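Each chain, letter by letter, is given below.
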Amino acid sequence: MNTRPQAQKQPGLFANLMFNILLPVVILMQLSSEERLGPVLALIIGLAFPVGYGIWDLWNRKKINGFSVLGIISVLLTGGIGLLQLDPKYIAIKEAAVPAIFGLVVWGSRYTKFPIVEKLLLNRQMLDVDALYRKLAERGNQARFKTVMNMAGNGVTAAFALSAVLNYVLARAIVVSPAGTEAFNNEIGRMTALSFPVIVLPTMLVMFGAIFYLFHQINALTGDSIETYMHDKKNAATSPSDHKDT
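For every chain, the first residue of the written sequence is number 1, and numbering continues from 1 along that sequence. Residues qualify for local features only when their pLDDT is at least 70, as the model is predicted, and side-chain atom pairs are given and counted only at 80 or more; totals for whole chains, interfaces and linings, by contrast, use all residues. Each side-chain value is worked out from all heavy atoms of the structure, with water and hydrogens disregarded.

**Topic: the pattern of salt bridges**
- Salt bridges are defined by distance alone: a side-chain nitrogen of Lys or Arg within 4 Å of a carboxyl oxygen of Asp or Glu. Under the defined criterion, the tally for this structure stands at three salt bridges.
- The partner of Lys-94 in a salt bridge is Glu-95, and the shortest N-O contact between them spans 2.3 Å.
- Lys-94 sits in the buried class, given a relative accessible area of 6%.
- Remark: exposure states derive from per-residue accessible area (1.4 Å probe, protein chains only) relative to the maximum for the residue type, with buried under 20%, exposed over 50%, and partly exposed in between. Taking relative accessible area as the criterion, Glu-95 reaches 15% and is therefore assigned buried.
- One salt bridge in this structure joins Arg-124 and Asp-130, with 3.2 Å as the shortest N-O distance.

Dropping the structure here:
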């Protein structure tokens, strides 16, 4: 009988888009007029969805995720800037600062005993990382793989840097109205709606480039395809015995 613990099921893309983009955009852009919720209440309710979803996701995972926590803080800062009626330029600064912090942390962690890029790109829930390192040791390629991980880490850092630049440019171009107004809410909603095609997609392309490079190098250094080290493939290979009584 298979006793390996199952990974916690992660929320799907639709749920992420619904709570982090679609609902906030609709509320901010359609319900901010004085005849409806008003700019203050619409801002609070609109941003409550991504904050609530982020907190639920953290609770569901049963562990603290620094990236998720910083994402929640980012949304709260947006609400704070709106409620305190600060200069809208602070939205652009905040939007750029969050991915910039991510990138700096990922880049700096390579000089510690806990490189974050390894956790990001070599997910132990998906890959048998121990088996991968054993094969690298057998072929004497540990040092070369460390170089590969550093290069992949540069790609991840570049993705966050690109995100920071695009976030700043998008926010400065769109959010220009005084905070606490219906126009400000509409601009926050528009910025949120455009964030996926303008920021997320280009950033994902760079990130996928780093992942493709890493997987290609794993094949070159081990002589095995990445599928060899995936848990699902191993489970499929041994699944007939998993159903036998022990």
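**A few points about the side chain of Thr-78**
- Helix and strand definitions here come from DSSP, where helices need a minimum of 4 consecutive H or I residues and strands a minimum of 2 consecutive E residues; each element is numbered from the N-terminal end. Along the polypeptide, Thr-78 turns up in helix H3 (residues 66-83).
- The criterion used for residue contact is that any of the two residues' heavy atoms lie within 4.5 Å. Apart from the residues lying within four places of it in its own chain, the contact partners of Thr-78 are Leu-47, Ile-91, Lys-94, Glu-95 and Ile-188.

**Describing a nonpolar patch on the surface**
- Like charges within 9 Å and nonpolar side chains (Val, Leu, Ile, Met, Phe, Trp, Tyr) within 5 Å are joined into patches, using only residues over 30% in relative accessible area that form no salt bridge. Only the protein chains shown count as cover for residues, and the accessible areas themselves come from Shrake-Rupley with a 1.4 Å probe. A cluster of nonpolar side chains, contributed by Leu-84, Leu-86, Tyr-90, Ile-93, Val-165, Tyr-168 and Val-169, occupies part of the molecular surface with about 660 Å² of accessible area.
- If you list the elements that add at least two residues to the nonpolar patch, you get helix H4 (89-109) and helix H7 (142-174).
- With respect to the helices, strands and loops of the structure, Tyr-168 is situated in helix H7.
- A relative accessible area of 38% means that Tyr-168 is categorised as partly exposed.

**Some details on the nonpolar core**
- Definition used in this section: a nonpolar core is a set of buried Ala, Val, Leu, Ile, Met, Phe, Trp, Tyr and Cys residues joined via side-chain atoms within 4.5 Å. With 24 residues, the main nonpolar core has Leu-122, Leu-132, Phe-145, Val-156, Leu-214 and Ile-218 as its most contacted residues.
- Of all the secondary structure elements, the ones that give two or more residues to this core are H4, helix H5 (116-121), helix H6 (129-138), H7 and helix H8 (182-222).
- Among all residues touching Val-156, those that are not within four sequence positions of it are Val-106, Val-117, Leu-120, Leu-121, Met-207 and Ala-210.
- One finds Val-51, Val-75, Ala-171 and Met-191 within the second-largest nonpolar core, a separate group that totals 19 residues.

**Some details on helix H1 (residues 13-30)**
- Relative to the 26 Å expected for 18 residues at 1.5 Å per residue, H1 spans 24 Å between its end C-alpha atoms, a close match to the ideal helical length.
- Of all bends in H1, the biggest is about 35°, found at Phe-19.
- Taken together, the buried positions of H1 are occupied by Ile-21, Pro-24, Val-25, Ile-27 and Leu-28.
- Those residues of H1 that are buried lie in contact with helix H2 (39-61) and H8. A helix is expected to span 1.5 Å multiplied by its residue count minus one. The seven residues ending at a residue and the seven starting there each receive a fitted axis; the angle between those axes is the bend at that residue.

Taken by themselves, the reported measurements are silent on function.
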